[in-house]
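Chains, contacts and geometry: an overview
In case you want the letters, here they are:
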Amino acid sequence: MPDFDFSKDYGVGFFSGQRLHDRLILEGKDELILTITGIRLKTFSDAADPEWVLSFGEGEDELRLKKNNRQLGKSIADAFGNNGRTWVGKQIGLSADWITWTSRDEAKEGYTIKVRPIPLNSYALEAGKEQPRQDGKPNDDLEDEIPF
């Protein structure tokens with residue numbers, strides 16, 4: 001019997017705070033490090049204007065940068081510049097935080113997405129270790145002897 005994989009068979013979804021939180025728990029991580037592979041405008045039924053969507057490669061959820069919550073995009077723009085096309089190839093860290101807010105005089109709570117832009121080589125400097133590769137293979141060490 002073939003495997004049934006919703007994401008593979010029906011394409012990726014969009015990160016939500018709850019979905020990201022559940023994935024982080026499942027993978028035992030505090031933060032998900034992703035490389036931006038694409039950026040595009042998409043029209044959504046709940047938004048008056050098209051909004052930016054960040055892609056992270058095949059089989060990975062996408063991140064919608066909502067205009068009514070400018071903080072996600074603003075923190076990336078502050079780190080990488082306002083030209084979204086230059087964000088491709090850059091890494092970001094996604095995490096989920098529990099928050100409470102008021103909407104139409106009603107208290108609500110849930111998970112929200114936090115984004116942390118990772119400037120080139122800062123991951124290694126901050127964590128004291130090598131920057132992870134997206135393909136899971138080890139980084140080549142420049143100190144290795146060259147056999148010739």
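You'll find the structure just up there.
The rules behind each value
Residues numbered from 1 in each chain as written. Predicted model: local features only at pLDDT ≥ 70, side-chain atom pairs only at ≥ 80, totals over all residues. Heavy atoms only, no water. Helix = DSSP H or I, 4+ residues; strand = E, 2+ residues; numbered from the N terminus. Buried < 20%, exposed > 50% of the residue type's maximum accessible area, 1.4 Å probe, protein only. Core = buried A, V, L, I, M, F, W, Y, C linked by side-chain atoms within 4.5 Å. Contact = heavy atoms within 4.5 Å. Pairing = 2+ DSSP bridges. Axes fitted to C-alpha atoms, helices over the stretch in contact; angles between N-to-C directions. Phe/Tyr/Trp six-rings, centres within 6.5 Å; stacked < 30°, edge-to-face > 60°. Lys NZ or Arg CZ within 6 Å of the ring centre and 35° of its normal.

Note that Glu51 resides in strand E3 (residues 51-55). Residue Glu51 is classed as buried on the basis of its relative accessible area of 4%.

Every buried residue of helix H3 (residues 71-80) is listed here: Leu72, Gly73, Ser75, Ile76, Ala77 and Phe80. With its phi angle positive at about 100°, Gly81 sits one or two positions after the end of H3.

Attention now goes to the nonpolar core. Ranked by size, the top nonpolar core spans 20 residues in total, and within it Phe15, Leu63, Ile92 and Leu94 carry the most contacts. Elements with a minimum of two residues in this core: helix H2 (17-27), strand E1 (32-35), strand E4 (63-65), H3, strand E5 (91-103) and strand E6 (106-118). Broken down by element, this core gets its largest block of residues, four residues, from H3. When near neighbours in sequence (up to four residues on either side) are disregarded, Leu94 contacts Phe15, Leu20, Leu24, Asp30, Glu31, Leu32, Leu34, Leu63, Ile113, Lys114 and Val115.

Time to look at the sheet that holds E4. Spatial ordering of the open sheet is given by E2-E3-E4, a layout of three strands whose pairing is antiparallel. Of all strands in the sheet, those bounded by a partner on one side alone are strand E2 (38-42) and E4. Averaged over all pairs of adjacent strands, the angle between strand axes in this sheet comes to 30°, irrespective of strand direction. Of the pairings in the sheet, the one linking E3 to E4 comprises three bridges and is antiparallel in character. For Leu54, the partnering residue across the bridge sits in E4 and is Leu63.

With that settled, consider the environment of Thr43. You can see Thr43 is positioned in the loop between E2 and E3. Look at Thr43 and you get exposed, because its relative accessible area is 59%. Residues Thr43 and Val53 lie 10 residues apart in sequence; the distance between their C-alpha atoms is 9.9 Å.

What follows covers the packing of aromatic side chains. The tally for this structure, following the rule as stated, stands at four aromatic pairs. Relative to Phe44, the ring of Phe14 lies with its centre 5.6 Å away and its plane at 70°, an arrangement referred to as edge-to-face. Of this pair, Phe14 sits in the loop between helix H1 (6-10) and H2 while Phe44 sits in the loop between E2 and E3, and the two are 30 residues apart along the sequence. Given the relative accessible area of 27%, Phe14 is considered partly exposed. With a centroid separation of 4.8 Å and an interplanar angle of 75°, the aromatic rings of Trp98 and Tyr111 are classed as edge-to-face. Taken as a pair, Trp98 in strand E5 and Tyr111 in strand E6 lie far apart in primary sequence, 13 residues in all. Judged by its relative accessible area of 47%, Trp98 falls in the partly exposed class. For Lys90, the ring lying beneath its charged end belongs to Phe80, and the centroid distance is 5.7 Å.

Here we take up the sheet that holds E6. Read from one edge to the other, the open sheet built from three strands follows the order E1-E5-E6, with strand pairing classed as antiparallel. Pairing within the sheet leaves two strands with one partner each, and these edge strands are E1 and E6. When the angles between neighbouring strand axes are averaged without regard to direction, this sheet yields 40°. Sheet topology places E5 next to E6; 13 bridges connect them, and they run antiparallel. The residue bridging Thr102 from the neighbouring strand is Ala107, located in E6. The strands that H2 touches are E1, E5 and E6; relative to E5, the one it contacts most, it runs at about 130°. Against the sheet, H3 contacts E5 and E6, and its axis sits at roughly 15° relative to E6.

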